[in-house]
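Here are the chains, one letter per residue:
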Amino acid sequence: MKNKVNRDIPDEFLTDYSVFETTKIDHQKIDYKAPTVKVVSQKDTKLVHSIKEVIEKVGLENGMTISFHHHFREGDYVFNQVMSVIKEMGFKDLTLAPSSLTNVMNDMVVECIKEGVITHITSSGMRGSLGEFISHGGLDNPVILRSHGGRARAVEQGEIKIDVAFLGVPNADEYGNANAIHGKAVFGSLGYAMVDAKYADNVVLITDTVVPYPCTPISIPQTQVDYVVQVDEIGNPEKIGAGATRFTKDPKELKIAQLTNDVITQSPYFKNGFSFQTGTGGAALAVSRYLKESMKKENIKASFALGGITKPTVDLLSEGFIDKVLDVQDFDKGAALGMAEHENQQEIDASFYADPFNKGAVVNQLDIVILSALEIDTKFNVNVMTGSDGVLRGAIGGHQDAANAKLTIITAPLVRGRIPTVVNDVTTVITPGDSIDILVTEIGVAINPKREDLKNIFAQSKVPVFTIEELQKRAERIVGVPEKLEFTDRVVALIEYRDGTLIDVVKQIKR
């Protein structure tokens, strides 16, 4: 069956899913699923001295669902410590439901799949050796990939029923209060872990720093926590922002950043009190610096910045260019340390950030968002999940969620090496073209035809404007027409839109 972005959804999945129809989220009543709670008596202690002991205490069984967060990114030690014990204890048929998977987790996940420890996975993304393994058919059951807001929705509605959440925290007290702004491995916001703590049947905090009661400020409260385990080390904070926070010197990325700043400042949304979200990577970070100079020149101040936060965003806060920062995740050590320094850098959870089915997510208040793309096609559909070879190499993250801002900008080079970025049809649709307003490349911009207002504005500007078809043809002239990818009929991943409908599937690539 074809959905509204013309993707064929196999009939075998239509029993459990509806197909994607629209980016508009209608008003409706949603039932949230409460966790099972075990009452703690006055004499009970929550402090446990080993991961094996806590696994025995929570009553982990074959077939259960376990979750982790990815706030440590490439500096994570908790995941491998826990999974090595679970594997040694002989558990089988587990569903792995982390907020996302990073490279440091890949080898362990592949081992656990091969040994039957993990048989199902739901995540925001995967890359590296795990992405290769899944894309070549290494897991019997399709991976389910969701946005950060979509995952929060699925947890709250019980589509993801977490039996045990193993949550690494930089410090906690013996009764289960915790935050991530103090300790040896600070990473700032606990935004994704907070949802798991609220809805998992069993919540285990793993820390290398136990502090006197009460641990404050409280991000995860004692009322949600079953056990606290102290280990030697939980992570390396220096690797939280590995590769994501470089300040680019690449002329192409700087040109994209300059053009993006021109688009923002000449749009009707650049005015006092505007709100915005930027991603990571060279071009996006450079936009923050150019935007700062424009705000200074025009005497314009933003009301808030949102999302995964970097140090340049925190600098805008500390220098008075932004009133508030709403922080669901920190992408570098500088942003993480800012959480302890700035009362206006407010920690938020993933539901507050982007759940489309709650009473009002923050993404609904965004004026401007700047996002990246692996591919964008002539219908403005965006792929951030699969590479040009069809292999899983990314994460949905908050892409679908933030793309519903008043002005959604995609930044991407025309080509990467010998690979076109602007194509006729993306390999995998992650964010539908109806959400995208402008593409910015190093040679100019393309405006979605549905935005006649923006076309009229930029017709009067010095910003070079092309049709997206013109950009696609130009990319094709530079690198030629790529060979068509060949896939088998077997589905290795299901791509949900943020409302839980199926927007695309990923099929196993032919060897």
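Just so we're clear, the structure is a prediction, and the values are computed from it rather than from any experiment.

A. Broad picture of the overall build of the protein chain. Helix and strand counts for the protein chain come out as 14 helices and 28 strands. A globule of 511 residues ought to have a C-alpha radius of gyration of about 24 Å, and the protein chain, at 22 Å, matches this closely. Projecting the C-alpha coordinates of the protein chain onto the three principal axes gives extents of approximately 75 × 55 × 45 Å. Looking at the protein chain residue by residue over its 511 residues, the buried ones come to 59%. Surface accessibility of the protein chain: about 20700 Å² in total, with carbon and sulfur atoms responsible for 47%. Across the protein chain, 55 positive and 68 negative side-chain charges occur, with their mean positions spaced 4 Å apart.

B. Representation of the packing of helix H3 (residues 106–114) against helix H4 (residues 128–135) within the structure. Their axes nearest at 7 Å, the elements H3 and H4 cross at an angle of 30 degrees. The two elements H3 and H4 cross, and the hand of that crossing is left-handed. Within the contact between the two elements, H3 uses Asn 106, Asp 107, Val 109, Val 110, Ile 113 and Lys 114 and H4 uses Gly 128, Ser 129, Leu 130, Phe 133 and Ile 134. Partitioning the contact of H3 with H4 into residue classes produces six nonpolar, three polar and two charged.

C. A look at the environment of Glu 53. On the secondary structure map, Glu 53 appears in helix H1 (residues 51–58). Overall, Glu 53 belongs to the partly exposed group, its relative accessible area being 29%. As a C-alpha pair, Glu 53 and Met 1 span 52 residues in sequence and 49 Å in three-dimensional space.

D. Examining the pairing of strand E28 (residues 502–509) more closely. Counting buried positions along E28 yields seven of eight residues, so the element is predominantly enclosed. Pairing of strand E27 (residues 487–496) with E28, which is carried by six bridges, proceeds in the antiparallel orientation. Bridge pairing in E28 links Phe 487 to Ile 509. The loop that links E27 with its antiparallel partner E28 comprises five residues; one of these, Gly 500, has a positive phi angle of about 95 degrees.

E. Region of interest: the pattern of salt bridges. One pass over the full model with this rule turns up 23 salt bridges. When the shortest N-O distance is used, the salt bridge between Arg 451 and Asp 453 registers 2.8 Å. The exposure class of Arg 451 is buried, given its relative accessible area of 10%. Among the residues examined, Asp 453 registers a relative accessible area of 36% and is labelled partly exposed. One network of salt bridges, in which partners are shared, links Arg 146, Arg 153, Glu 159 and Glu 496.

F. Region of the structure containing the sheet that holds strand E18 (residues 382–383). One open sheet accounts for three strands, arranged E18-E17-E23; its pairing is mixed. The strands lining the two open edges of the sheet, one partner per strand, are E18 and strand E23 (422–423). Where strand E17 (residues 375–377) meets E23, two bridges bridge the pair, whose relative direction is parallel. Looking at the pairing, Asp 377 lines up with Val 423 of E23.

G. Quick look at the sheet that holds strand E15 (residues 345–347). Pairing is mixed across the open sheet formed by nine strands, whose spatial order is E15-E14-E13-E12-E16-E20-E24-E25-E26. With partners counted over all chains shown, the strands left at the sheet margins are E15 and strand E26 (465–466), one partner each. Summarising the sheet, strand E25 (residues 445–447) and E26 pair through two bridges and their orientation is parallel. Its bridge partner being in E26, Ala 446 is matched across the sheet by Phe 466.

H. Region of interest: the packing of aromatic side chains. Summed over all chains, the structure comprises eight aromatic pairs. Both rings, one in Phe 68 and one in Phe 166, keep their centres 5.6 Å apart while their planes meet at 25 degrees; by these two values the pair is stacked. Taken together, the positions of Phe 68 in the loop between strand E2 (65–67) and helix H2 (78–88) and Phe 166 in strand E7 (residues 164–168) put the pair 98 residues apart, joining distant regions of the chain. Note on Phe 68: relative accessible area 2%, which makes it buried. Residue Phe 166 is classed as buried on the basis of its relative accessible area, which comes to 1%. By way of ring pairs, the aromatic residues Phe 68, Phe 79 and Phe 166 are connected into one cluster. Positioned above the aromatic ring of Tyr 175, the side-chain terminus of Lys 46 is 4.4 Å from the ring centre.

I. Spotlight on the layout of surface pockets. Here the second largest pocket is characterised by a volume of approximately 990 Å³. If one sorts the elements of the lining of the second largest pocket by residue count, E28 sits on top with four residues. Counted by class, the lining of the second largest pocket contains 14 nonpolar, seven polar and eleven charged residues.

J. Spotlight on the pairing of E7. Among the five residues of E7, five are classified as buried, and the element is accordingly described as predominantly covered. Burial along E7 is two-sided: Val 164, Phe 166 and Gly 168 and Ala 165 and Leu 167, pointing in opposite directions, are all buried. Pairing analysis gives two bridges linking E2 to E7, with the strands arranged parallel. The residue of E7 that forms the bridge with Ser 67 is Ala 165. By the bridge criterion, five bridges tie E7 to strand E10 (residues 202–207) in an arrangement that is parallel. In the strand pairing of E10, Gly 168 is matched with Ile 206.

K. Region of interest: unusual backbone geometry. The peptide bond linking Tyr 213 to Pro 214 adopts the cis configuration, its omega dihedral lying at -5 degrees. With respect to the helices and strands, Pro 214 occurs in the loop between E10 and strand E11 (227–230). The amide bond that connects Thr 216 to the next residue, Pro 217, takes the cis arrangement and shows omega of -5 degrees. Following the sequence through the fold, Pro 217 ends up in the loop between E10 and E11. In this structure, Asn 6 is a non-glycine residue whose phi angle is positive, near 65 degrees. For Asn 6, the location among the structural elements is in the segment before strand E1 (47–48). A positive phi angle, near 55 degrees, is found at Asn 299, a position not held by glycine.

Rules used throughout
- Residues numbered from 1 in each chain as written.
- Predicted model: local features only at pLDDT ≥ 70, side-chain atom pairs only at ≥ 80, totals over all residues.
- Heavy atoms only, no water.
- Helix = DSSP H or I, 4+ residues; strand = E, 2+ residues; numbered from the N terminus.
- Rg over C-alpha atoms; globule rule 2.2 N^0.38 Å.
- Buried < 20%, exposed > 50% of the residue type's maximum accessible area, 1.4 Å probe, protein only.
- Areas by Shrake-Rupley, 256 points an atom, 1.4 Å probe, with all protein chains shown as cover.
- Lys, Arg positive; Asp, Glu negative; His and termini not counted.
- Charge placed at Lys NZ, Arg CZ, Asp CG, Glu CD.
- Axes fitted to C-alpha atoms, helices over the stretch in contact; angles between N-to-C directions.
- Left-handed = near helix turned anticlockwise from the far one by under 90°.
- Contact = heavy atoms within 4.5 Å.
- Nonpolar A, V, L, I, M, F, W, Y, C, P; charged D, E, K, R; others polar.
- Pairing = 2+ DSSP bridges.
- Salt bridge = Lys/Arg side-chain N within 4 Å of Asp/Glu carboxyl O.
- Phe/Tyr/Trp six-rings, centres within 6.5 Å; stacked < 30°, edge-to-face > 60°.
- Lys NZ or Arg CZ within 6 Å of the ring centre and 35° of its normal.
- 1 Å grid on protein atoms, 1.4 Å probe; cavity = no way out; pocket = protein on both sides within 12 Å on 5 of 7 lines; lining within 4 Å.
- Points joined across faces, edges and corners; volume = space filled by probe spheres on them.

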